Amino acid sequence: MNRFLKLLFRNRLAAMGFVVLGLILLAVILTPILPLQDPYTTELGARFKGPFEDGHILGTDHLGRDQLSRLLWGTQLSLMVGFAAALMAAAIGSTIGVIAGYFGGRVDNVIMRAVDIVMAFPYILLALAIVAALGPGLLNALIAIAAVNVPFFARNIRGIVVTLAGREFVDAARLSGMSNTRIIITEIVPNVLPVIVIAMSTTIGWMILETAGLSFLGLGSQPPQADLGSMLGEARAALITHPFTSVVPGVMIFLIVMSINLLGDGVRDALDPRLKSGALSRPLPVTTVKRDGPIPAETDDLLAVQDLHTQFHAGNRVFRAVGGVSLSVRPGECLGVIGESGSGKSVTALSITRLVASPPGIITGGAVRFQGRDMIGASYEDLRQIRGDKVAYIFQDPLSTLHPLYRIGEQLAEAIRVHHKVGKEDLRQRAIALLKDVRIPNAESRIDTYPHEMSGGMRQRVGIAMALANEPEVIIADEPTTALDVTVQAQILALLNDLRQEKGLAIVFITHDFGVVAQLCDRVAVMYAGRIVETGPTGQILDTPAHPYTKRLIACVPELGQGKRVLAAIPGLPPVVDDLPPGCAFAPRCDKAQPACSERDIPLAGQAPRAVRCIYPEEAV
Amino acid sequence: MGSYILKRLLSAIPVILGITVIVFLIMSLIPGDPATAILGSYATPENVAKINKDLGLDKPMVARYFIWLGNMLTGDFGRSFSLNRPVIDEVLERFNATLILAGTSFVLCAILGILAGTISAARQYGFADKAITFTVLIGISVPSFFLGMMMILVFAVDLRWLPVSGMYAIYGGGDLPDLIRHLIMPATALAAVATGVVARLSRAAMLEVLRQDYIRTARAKGVPERRVIMGHALRAAMVSIIPVLGLQAGFVLSGAVYIEIVFQWPGIGRMLVDAILQRDILLVQGGVVFVAACYVLFNIAVDVAQSLLDPRIKT
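Rules and cut-offs
Residues numbered from 1 in each chain as written. Chains lettered and ligands numbered in written order. Predicted model: local features only at pLDDT ≥ 70, side-chain atom pairs only at ≥ 80, totals over all residues. Helix = DSSP H or I, 4+ residues; strand = E, 2+ residues; numbered from the N terminus. Buried ≥ 20, exposed ≤ 12 C-beta atoms within 10 Å, placed from the backbone. Contact = placed C-beta atoms within 7 Å. Rg over C-alpha atoms; globule rule 2.2 N^0.38 Å. Nonpolar A, V, L, I, M, F, W, Y, C, P; charged D, E, K, R; others polar. Domains from an automatic or database assignment. Axes fitted to C-alpha atoms, helices over the stretch in contact; angles between N-to-C directions. Parallel < 35°, antiparallel > 145°, perpendicular 65-115°, else oblique. Left-handed = near helix turned anticlockwise from the far one by under 90°. Core = buried A, V, L, I, M, F, W, Y, C linked by C-beta atoms within 7 Å. Expected span 1.5 Å × (residues − 1). Pairing = 2+ DSSP bridges.

1. Description of the overall build of chain B
Thought 1: Helices and strands together make up the secondary structure of chain B, namely 12 helices and two strands.
Thought 2: Each helix (α) and strand (β) of chain B, taken in turn from the N terminus, gives the series α-α-α-α-β-β-α-α-α-α-α-α-α-α.
Thought 3: For chain B, the C-alpha atoms occupy an extent of roughly 85 × 55 × 35 Å along the three principal directions.
Thought 4: The proportion of buried residues among the 315 residues of chain B is 42%.
Thought 5: Put simply, 71% of the contacts in chain B that link residues at least 6 apart link residues at least 24 apart.

Quick look at the structure:
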């Protein structure tokens, strides 16, 4: 509760709403004891006095009545009526909801059908019909407004009670022989009460506005009694000659509704935990770059990642997801980047064309060079032209990475169209050819299907086809087979390997699975806590891993048919990268660790093509 | 698609029947004798008996409901005593005016709201976002009738840009430009709250969508950012925006009642308020049932639009 209040008041607007609403409530409570003039005393000689004339702070209305006094009494009436309507709607609606949700079956069916029908009305029509039947008057307006809001409560509360009614504690109460009424009162109601209160607080501003509206129409409070709506309605006759009498009640309604809205938004935000981490920020089209170190010099690799640093900033914490990674690939080569989740391998991959979600991601150092050009410092347009055309991605989960509302043919065609001017029919033919390239049967008909109509393996083939669309130089495959089952995984890997040989593609293959690396990759880089701990040709690393972490990681791969090796999970968890200790990040989980391991930074060293970041390696390299 | 529309239309029948039952039940709450309510307390017994017979009030309630329902199905909504003309004629004429007003407001709120929400999301925390968020907050907090009155003061009385009220100028009006001049203020005042609600929701929906993996895919493909926002993201966000547009249509239709009063717009809302104050029950009944039925049909159109947009909805 304390934390909730703190969050609420950190939101300045919500605090403002609270203060305004508090002042209005205070004024309303004090109204009976304030030295106000009588709100009903008419004085035709003193009509339409301006503000501060003759002791009338807010002037007088068309009958010479004191506006301030009428305003405060009117506000009191409006608030009371709105609150009463909310209370009434909540009580009746919740009762209906509890009954429907608790008893379920036919009772539920009949009640919810009726609720649906009531909700099919534009709300004011129903309110007008009720007022028409009962006759104009404040109490009738209140009943009408409450009645139209009953379905809202009924529906919300029913939804919650339905889940509650199936829970163990309700079953237990039933078994202990409690009556339905007692179960509802002692078990159900206490659990839904907070929801009812929150729903009430979100609708109360609305109810105040609506009852004021009916009064404005002359269907609510009847003269001489006046709430804010009827004050405004009466003042409207003199709107053009004496606008001030309209402004006073109008502004008050505005202030009440706005402060309630602000407060309501604040409450909602404070209750919604997703906002706390800033996760609701949308990512920018390119990752923000704030480089302060020197930019590494050009190389002649096809693609080179040079001393890359990528961080995530969340509140006061800085997560160094990538802490100085260097990689490179040549044409036709496949480089595997392997590590546990959180090792920074995907962030490294996404940093290459600056696709890391930003905020919170920031690239703080290093360079990524494609054919010598630095992409970290490139303009958005330059980068966009490389993305998908020269450097293409295959992502992990093809269900979430393909757009659900576009046909796959459209998505393939778009990949080409944004880089090359191609006619419509040609695009279609190219798309079909691409689908054939990735061995999708019936490509001509599959092209018009939506992603949700395909299997996971087929979707991933579409993802690969999309990456191949412009015959890129480099493909970055970010765990492309993780979401697939094993047989499909093998097919996809074979496909990628064929394509690499057919088209001379360079592939950066991100994975956590050494089995996959062994099948596909020429070289491998092992990542841990945002840095490369070992790199070298795949065969050598598999045979003679040098870093203890690599060795443990290889031991995680089950061997088919042999069963001699013990499948060994690595104890402990990878470190959180916001506060890394000096030295080796793996030391706390390493059984060979010595005090020296945690003393100073350990360089990545060894004889090319191998290198390891360890002072007590398993094998000398 | 055709069978889906048919299915939805059939499902509307019980809802519309339910609406007639509810209206009928509410109207039967009227205390006392409707004949006396119509004729006043000096009615002669003969007249009361005649009215009761005319209205079918001498029959049992269930029979009365079915007579009323049967008459409505043949287009006979009864006769308005205060206007002395068939209810259906008056309702159709008035509904036409409301449709012009509410329809314009609805289109305004949809276009402006979605546009504002999209810009706001694409420029999150930027100046445009803050300006839009602030305007929206004001927009959804001003009662439409008060906003309308203030607009009259500023644009009609002070600046004399636009006519104060009505649908056509009394002298020499009647053409489309005249209608548009009369429509600007009421349509804007009516659209304000709905626009704010749509803008808020669109912003939230866009922010949610922009974080999705398929947006990253589009960017990885090299799709220009403008197309990412206005194409990929907005299209996906529309899936959650369209149902809210359906709700807003109801709000606009409801708010029209106030705006028609403020701007003397000859629509059905004003007709209903007058009819209530005159206790012209048949006119209220007919008007409410007619508008509610139209709203149900409109919501079916919304569902159909939704199914056209989202192939995942089973049709």
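2. Things to note about the overall build of chain A
Thought 1: What chain A contains, in helices and strands, is 21 helices and 12 strands.
Thought 2: Computed over the C-alpha atoms, the radius of gyration of chain A is 35 Å, more than 25% above the 25 Å expected from 2.2 N^0.38 for a compact globule of 621 residues.
Thought 3: For chain A, buried positions account for 47% of its 621 residues.

3. Focus on the interface of chain A and chain B
Thought 1: Counting residues at the interface gives 63 residues for chain A and 61 residues for chain B.
Thought 2: Secondary structure elements with two or more residues in the side of chain A that touches chain B: α4 (105-119), α5 (123-134), α8 (180-216), α10 (244-271), α12 (380-386), α13 (398-401) and α14 (408-417) of chain A.
Thought 3: A total of 10 residues in the side of chain A that touches chain B trace back to one element, the largest contributor, which is α5 of chain A.
Thought 4: Of the residues that constitute the side of chain A that touches chain B, the class distribution is 42 nonpolar, 14 polar and seven charged.

4. Brief notes about the domain arrangement of chain B
Interface size is commonly expressed as the accessible surface area that is lost when the partners come together.
Residues and elements named next belong to chain B.
Thought 1: The domain architecture assigned to chain B consists of domain 1 (2-86) and domain 2 (88-314).
Thought 2: Relative to domain 2, the C-alpha centre of domain 1 lies at a distance of 32 Å.
Thought 3: Taken residue by residue, the interface counts 26 residues in domain 1 and 23 residues in domain 2.
Thought 4: If you list the elements that add at least two residues to the side of domain 1 that touches domain 2, you get α1 (2-27), α2 (34-39), β1 (79-80) and β2 (85-86).
Thought 5: Looking at side-chain class alone, the side of domain 1 that touches domain 2 contains 18 nonpolar, five polar and three charged residues.

5. Focus on the domain arrangement of chain A
Thought 1: Splitting chain A by domain gives domain 1 (7-33 + 66-276) and domain 2 (283-329 + 344-387).
Thought 2: Using C-alpha coordinates to define each centre, domain 1 of chain A is positioned 52 Å away from domain 2 of chain A.

6. Digging into the packing of helix α5 (residues 87-122) of chain B against helix α11 (residues 268-277) of chain B
All names here are of chain B.
Thought 1: Interaxial distance between α5 and α11 falls to 7 Å at its minimum, and their mutual angle equals 130 degrees. In terms of orientation, α5 and α11 fall into the oblique class. Counted together, E90, V91, R94, F95 and T98 of α5 and I268, G269 and M271 of α11 form the full contact between these two elements.
Thought 2: When grouped by side-chain class, the residues that make up the contact of α5 with α11 number four nonpolar, two polar and two charged.

7. Details of unusual backbone geometry
Thought 1: Residue P359 of chain A is bonded to the preceding S358 of chain A through a cis peptide linkage, with omega at -5 degrees.
Thought 2: The residue P359 of chain A is located in the loop between α11 (345-351) and β5 (361-370) in this model.
Thought 3: One non-glycine residue, A529 of chain A, lies in positive phi territory at about 50 degrees.
Thought 4: One can find A529 of chain A in the loop between β10 (523-528) and β11 (531-537).
Thought 5: Not every positive phi belongs to a glycine, and Y125 of chain B is a case in point at roughly 70 degrees.

8. Focus: helix α9 (residues 213-220) of chain B
Thought 1: Burial analysis of α9 of chain B places seven of its eight residues in the buried class, which makes it a mostly covered element.
Thought 2: Turning to α9 of chain B, the residues buried within the fold contact β7 (391-394) and α13 of chain A together with α8 (176-210) and α10 (225-262) of chain B.
Thought 3: Looking one or two residues beyond α9 of chain B, the residue adopting positive phi is G222 of chain B, at roughly 90 degrees.

9. A closer look at the packing of helix α3 (residues 67-103) of chain A against α10 of chain A
Residue and element names in this part refer to chain A.
Thought 1: Packing of α3 against α10 brings their axes to within 11 Å, and their N-to-C directions diverge by 30 degrees. Classified by the angle between their axes, α3 and α10 sit roughly parallel to one another. As α3 runs across α10, the sense of the crossing is right-handed. Taking contact as the criterion, the partners of Q67, L71, G74 and T75 in α3 are, on α10, T245, V248, P249 and M252.
Thought 2: The class makeup of the residues in the contact of α3 with α10 is four nonpolar, four polar and no charged.

10. Re the nonpolar core
Thought 1: With 262 residues, the main nonpolar core has A127 and A129 of chain A as its most contacted residues.
Thought 2: Looking at which element gives the most residues to this core, the answer is α10 of chain B, with 19 residues.
Thought 3: Dropping the residues within four chain positions of it, A129 of chain A is found in contact with V23, I26, V284 and V288 of chain B.

11. Re α1 of chain B
The periodicity of an α-helix, 3.6 residues per turn, causes residues three or four places apart in sequence to face the same way.
Thought 1: For α1 of chain B, spanning 26 residues, the distance from its first C-alpha to its last is 37 Å, which sits close to the expected 38 Å at 1.5 Å a residue.
Thought 2: Where the residues of α1 of chain B are buried, they touch α4 and α5 of chain A together with α4 (61-73) and α12 (281-309) of chain B.

12. Some points on the sheet that holds β10 of chain A
The pairing of strands in a sheet comes from backbone hydrogen bonds and takes either a parallel or an antiparallel form.
All names here are of chain A.
Thought 1: Taking strand neighbours across the sheet as the criterion, the seven strands line up as β7-β8-β9-β4-β10-β11-β12 in an open arrangement whose pairing is mixed. Pairing within the sheet leaves two strands with one partner each, and these edge strands are β7 and β12 (611-612).
Thought 2: Strands in contact with helix α17 (residues 456-468) are β7 and β8 (474-478); relative to β7, the strand with the most contacts, it is inclined by about 175 degrees.

13. Here's the deal with the pairing of β8 of chain A
Sheet faces and side chains relate simply in a regular strand, where the side chains alternate between the two faces.
All names here are of chain A.
Thought 1: With five of five residues buried, β8 is to be regarded as a mostly interior element.
Thought 2: Covered by surrounding structure in β8 are V474, I476 and D478 together with I475 and A477, the residues of both alternating faces.
Thought 3: Here β7 runs beside β8; their pairing, made up of four bridges, is parallel. Opposite Y393, over in β8, you have I476 as the bridge partner.

14. Observations concerning the pairing of strand β3 (residues 317-329) of chain A
All names here are of chain A.
Thought 1: Relative to β3, strand β2 (residues 303-314) runs antiparallel, the two being bridged by nine bridges. Bridge pairing links L303 to V329 in β3.
Thought 2: Counting the residues that bridge the hairpin from β2 to β3 gives two residues, and of these G315 lies at a positive phi of roughly 60 degrees.

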